[in-house]
Amino acid sequence: MSLTTGRLPMEWKHANVIPIHKKDCIEPVTNYRPISLLPIISKVLERCVFNNIYPFVRVLINNVQHGFLRNRSCITQLLGILHDIGKNLDRNKQIDVLYLDFSKAFDSVDHDILLHKLQMHGINGTLLRWFENYLNDRWQRVVIDGAASTWSPVTSGVPQGSILGPLLFVIFINDLPDNVSPSTNSALYADDSKLYREIKSVEDCQFLQDDLAKLEKWSTDSKMRFNTEKCKVLTISRKQHPTRFPYRIYGNELSPCQAEKDLGMLVTSNLKWGPHILKMVAKANKMLGILKRSCFDINHTQVRRTLYLTLVKSQLVYGSEVWCPPNNKENRRSSKKSNTVDTKEETRRTKLQTALNAT
């Protein structure tokens, strides 16, 4: 009935918002992500709609987008980009990477612009009216420890915690890379975006600045602003005196950095992974210490193993395809020794099996 009439019951458009701490200090409200807890039955309907429109929308999604898409992830994006940058670095080239961050991206989506882009992606008729009703007349309240705020209307954005929200956002931001010139590379993971380009002279820096100006215009037209405080410039080069350029957005100069966190990986100006590994090990050790202090009375081996794999080992293995530990000389030696032992063991087992069969 909802899909036929193009309307959603009002009870399904009321959400309890749970604030989830993202990073840094716990006091500022801006360091929290609002997650909407929606009725289960409405999410079942969202899943049905998602499964039916995804195959048609997926072929229209820009290839540089890796967020919220099947067979795409943070690792697939990092592997492609860092491989490309690494090849230029091996040829002693300089690459400037502009890390761009939107301010409250999911909450800033303009509904009218989104509906227009949905129509441009082939969604119209009753289904378009259903999406219009899905986005409008929403209400939410914040719930913390059983205490709830008053209900407030939602005038923009897509619900974080919904099934359709991420896909709608990917469609909204899909035309952003089209504003970049072919000689400049771009990459997206949902709202995390970056531009990078090989720099041979100041003229290349100016070309990159021109592309940044085009994205600034896109953000103004789309009513979604970049957070200038979180936008950074990372110059990747082995040159002693690389070319420097004051990149600007909204009239503010982007802050240069020697290392930047990119989708959970600490990327440095020389593309070495020592600082990332040290940070990763320190984080894992910290979590291991917390488990030792808080779970010392847990004797069940399976429970202890699950806690270790979930909270400690997951820190160590994340992105291992990117920072590639087999390239370490000591790891290569250990790998060769392990392979030799495995070969001898396999030969011994084969001989034993042959003797048993003969007997």
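Residues numbered from 1 in each chain as written. Predicted model: local features only at pLDDT ≥ 70, side-chain atom pairs only at ≥ 80, totals over all residues. Heavy atoms only, no water.

Colleague: Tell me about the layout of surface pockets, and name the residues and values.
Modeller: Of the pockets and cavities examined, the second largest pocket occupies roughly 450 Å³. In terms of lining residues, the second largest pocket is bounded by 14 residues, among which Lys261, Lys279, Met280, Lys283 and Gln315 are the most central. If you list the elements that add at least two residues to the lining of the second largest pocket, you get strand 14 (265-268), helix 8 (274-294) and helix 9 (301-317). Considering every element that reaches the lining of the second largest pocket, the biggest residue donor is helix 8, with 7 residues. Classifying every residue of the lining of the second largest pocket by side-chain character gives 6 nonpolar, 4 polar and 4 charged. Each of domain 1 (2-268) and domain 2 (273-357) contributes no fewer than three residues to the lining of the second largest pocket. (1 Å grid on protein atoms, 1.4 Å probe; cavity = no way out; pocket = protein on both sides within 12 Å on 5 of 7 lines; lining within 4 Å. Points joined across faces, edges and corners; volume = space filled by probe spheres on them. Helix = DSSP H or I, 4+ residues; strand = E, 2+ residues; numbered from the N terminus. Nonpolar A, V, L, I, M, F, W, Y, C, P; charged D, E, K, R; others polar. Domains from an automatic or database assignment.)

Colleague: Could you give an account of the confidence of the model for the protein, with specific residues and numbers?
Modeller: Taken over all residues, the pLDDT of the protein has a mean of 88, while the share at 70 or more is 90%. Contacts of residues 330-339 to residues separated by more than four positions or lying in other chains number 4 contacts, the stretch itself having pLDDT below 50. (pLDDT = per-residue confidence, 0-100. Contact = heavy atoms within 4.5 Å.)

Colleague: Give me unusual backbone geometry: which residues, what numbers.
Modeller: The phi dihedral of aspartate 145 falls on the positive side, at around 50°, and the residue is not glycine. The phi dihedral of leucine 263 is positive, around 55°, even though this residue is not glycine. When you line up the elements, leucine 263 lands in the loop between strand 13 (259-262) and strand 14. Leucine 263 sits in the buried class, given a relative accessible area of 13%. (Buried < 20%, exposed > 50% of the residue type's maximum accessible area, 1.4 Å probe, protein only.)

Colleague: Please set out the pattern of salt bridges residue by residue, giving values where relevant.
Modeller: Counting across every chain of the model gives 10 salt bridges. Ionic pairing is found between aspartate 262 and lysine 194, a salt bridge with its closest N-O pair at 3.0 Å. With aspartate 262 in strand 13 and lysine 194 in strand 8 (residues 192-199), the pair connects residues that are 68 residues apart, well separated along the chain. For the pair formed by aspartate 262 and lysine 194, the shared burial category is buried. (Salt bridge = Lys/Arg side-chain N within 4 Å of Asp/Glu carboxyl O.)

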